[in-house]
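# Structural features, examined
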Amino acid sequence: MRKRSRAAELRLRLTDGFGVFIVQSVTRSQLAYHRGFKSVQYAFTELSTMTVLSVKQALSGAQVGSEITVRGWVRTRRDSKAGLSFVHLSDGSCFAPIQIVAAASLSNYTDTVQHLTAGCAIIVEGLLLPSQGKGQSFEIQARRITVCGWVENPETYPIQPKAHSLEFLREVAHLRPRTNLVGAVARVRHTAMTAIHRCLSEQGFIWVNTPIITTSDAEGAGEMFRVSTLDLANLPHTPSGEVDFSKDFFGKEAFLTVSGQINVEAYCLAMSKVYTFGPTFRAENSNTTRHLAEFWMVEPEIAFADLIDNATLAEGFLKAIFCAILDERSDDMAFFAQRIEPTSLTRIQALVKAPFERIEYGEAIKILKKANRPFTFPVEWGIDLQTEHERYLAEEHIGRPVVVMNYPEAIKAFYMRLNDDGRTVAAMDVLAPGIGEIIGGSQREERLDVLDRRIAQFGLNVADYTWYRDLRRYGTVPHAGFGLGFERLLCYICGLTNIRDVIPYPRAPGQASF
RNA sequence: GCCCGAAUAGCUCAGCUGGUUAGAGCAUCUGACUGUUAAUCAGAGGGUCGUAGGUUCGAGUCCUACUUCGGGCGCCA
């Protein structure tokens, strides 16, 4: 490695607003990269004495009366020929932009400030003051405004200060985080993800990083994406004409995971309370507003637990996430309630207060039979609930999320525990209005003999489940868990109806741009 | 995979049973005005009406195919 000259480094000191020094190294090549941007170099060198605040920190008012610096992207500019321009600046740290008051006396007022358009990246130094106008509590009286990056053609910049269609925003996935909506989703997504880790960790759960690549094609949760380094144009074959996967990278067929559950069960039967949380891949040709080919799933698994414990865990878990959103993202939630779905805020406020409705599958069937309405799919004990049935239960009959438990054994996975009635398994689904199934889980079959019968009954090869069966041979215990579709949860929280709007870069059949 | 719908300016849309030069709001540019709040007012620029065929004296409008997007259903989280 080439020895890097210390002299080639320019050390920059920035405060982050809490008085903590950040020392940042900028190499010669980085400076060369910025050679065309004089203003950037200028800003870097001048920043050493400035207090850099996020918009969120600035709007808190804690540093009112101080000279501060904020950096971000212009949302709107309004001019006053009387000698003022108002620039709304956003940096993603909170929902609200901060208002920059730019006086005509600024040296670059006419040639720069008056040409700022939506999307321009700027650095603003000035005095943080209580606002003289209505609509915001604090604003910055600019002393200096430096343009970091212009918008090369304002006429074609896609993000304008107006309502865009969600369909259009999906086409500009790289710029849509600059909108109110997608910015709010990004913050809520982060908060929900952080809350999941925090809430589980506080209850003693261990986060287990189950593999993304699996050689088990027996996970049974759907079509899988193949992982291979074989040359597709020149596949090796066995004497019998099959593709010879022994020549492949892993020496056998490999896929992207469709669930971490099987793997996390092993850690559950050692660590007691565990969860896995990561990306999950399904190669199903699903074209709906609630399916993605790549999505994130959190799967808690608890030992010495039954289905009731599982449902209780799921309820407390969802409520903890909702509470965190209400506590930490009230600004974004107010926006969703105002512009996206009026009930998005009130429904999760109500939900954290009331116990979840829990009904037996058999009871759900009775309710659906009594429903005074025609269903496309006839209702009979033994059927799997269709979307229309789930919607009726969650949206009309109950009016809020509902846990349906103990489904017929024939329609659920082999690993779910067979109930004493012999015809149902200890499975549960949490159904949310507008979204449908948000959680699917079960108590797992811990009895080896019953598990073996189930494997045979489902026509599965017992040899594929050697290590899974070991867990039942060596110190088996009742255990249970569930999977929560993270993006479906976000849809419910934000009141958005298309799952492609709550993940930064959605992957779906025929769709993997960006 | 199945069914339905849509495609007109940078964006959101209007454009009637086919008929002269395809409109509006926002955005952009110019000007006026104002401690403004997705400001307001006046003006200007901006279009191969998704693509390719067809019907017709004449197609943004009707027909066919294709492409892309959206919605519903199935599979599921």
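Below is a short write-up of the structure. Note that this is a predicted model, so its numbers are computed, not measured. (Residues numbered from 1 in each chain as written. Chains lettered and ligands numbered in written order. Predicted model: local features only at pLDDT ≥ 70, side-chain atom pairs only at ≥ 80, totals over all residues. Heavy atoms only, no water.)

### A few points about the overall build of chain A
- A tally of regular secondary structure across chain A gives 14 helices and 19 strands.
- Counting all 514 residues of chain A, 47% fall into the buried class.
- Across chain A, the fraction of contacts at a sequence separation of at least 24, relative to all contacts at a separation of at least 6, is 65%.
- Roughly 25,400 Å² of accessible area belongs to chain A as shown, and the carbon and sulfur atoms make up 53% of that amount. (Helix = DSSP H or I, 4+ residues; strand = E, 2+ residues; numbered from the N terminus. Buried < 20%, exposed > 50% of the residue type's maximum accessible area, 1.4 Å probe, protein only. Contact = heavy atoms within 4.5 Å. Areas by Shrake-Rupley, 256 points an atom, 1.4 Å probe, with all protein chains shown as cover.)

### Notes on a nonpolar patch on the surface
- A contiguous nonpolar surface patch, about 380 Å² in accessible area, is contributed by I212, I213, F249 and F250.
- Relative to the assigned elements, I212 resides in the loop between β9 (206-207) and β10 (213-214). (Patch = residues over 30% accessible without salt bridge, like charges linked within 9 Å, V, L, I, M, F, W, Y side chains within 5 Å. Salt bridge = Lys/Arg side-chain N within 4 Å of Asp/Glu carboxyl O.)

### As for the sheet that holds β9
- Strand order in the open sheet made by the eight strands is β9-β13-β14-β19-β18-β17-β16-β15, with mixed pairing throughout. The open sheet has two free edges, formed respectively by β9 and β15 (357-360), since each of these has just one partner strand.
- Bridging between strand β14 (residues 294-303) and strand β19 (residues 479-485) involves five bridges; their strand directions are antiparallel. Looking across to β19, one finds that I302 is bridged to A480.
- Where helix α5 (residues 180-202) meets the sheet, its contacts fall on β9, β13 (273-281) and β14, and the angle it forms with β13 comes to roughly 150°.
- Sheet contacts for helix α10 (residues 361-370): β15 and β16 (402-408); angle to β15, the most-contacted strand, approximately 90°. (Pairing = 2+ DSSP bridges. Axes fitted to C-alpha atoms, helices over the stretch in contact; angles between N-to-C directions.)

### Focus on the pattern of salt bridges
- Scanning the model with the defined rule gives 26 salt bridges in all.
- Between E315 and R358 there is a salt bridge, with its nearest N and O atoms 3.2 Å apart. Taken as a pair, E315 in helix α7 (residues 307-328) and R358 in strand β15 lie far apart in primary sequence, 43 residues in all.
- By relative accessible area, which is 29% here, R358 ends up partly exposed.
- Note that R373 is salt-bridged to E396, the shortest N-O span being 2.6 Å. Note that R373 is positioned in the loop between α10 and α11 (387-398) and E396 in helix α11, a separation of 23 residues in sequence.
- Look at R373 and you get partly exposed, because its relative accessible area is 36%.
- Relative accessible area serves as the criterion here: at 46%, E396 is assigned to the partly exposed category.
- Salt bridges here are not isolated pairs; linked through shared partners, they connect R187, R329, D331 and D332.

### Details of the protein's contact with RNA strand B
- Neighbouring RNA strand B are 55 residues, the closest being K134, P161, K162, H291 and R488.
- Among all atoms of RNA strand B positioned within 4 Å of the protein, those belonging to sugar or phosphate total 44%.
- Between R78 and RNA strand B, the recorded distance is 2.5 Å, taken from a side-chain N or O atom to a phosphate oxygen.
- T387 places a side-chain nitrogen or oxygen 2.6 Å from a phosphate oxygen of RNA strand B.
- With four residues, strand β18 (residues 436-443) is the largest single contributor of residues to the surface near RNA strand B.
- Its residues assigned to classes, the surface near RNA strand B shows 14 nonpolar, 24 polar and 17 charged. (Near = heavy atom within 4 Å. Polar contact = N/O pair within 3.5 Å; in protein donor to acceptor, adjacent residues only side chain to side chain. Nonpolar A, V, L, I, M, F, W, Y, C, P; charged D, E, K, R; others polar.)

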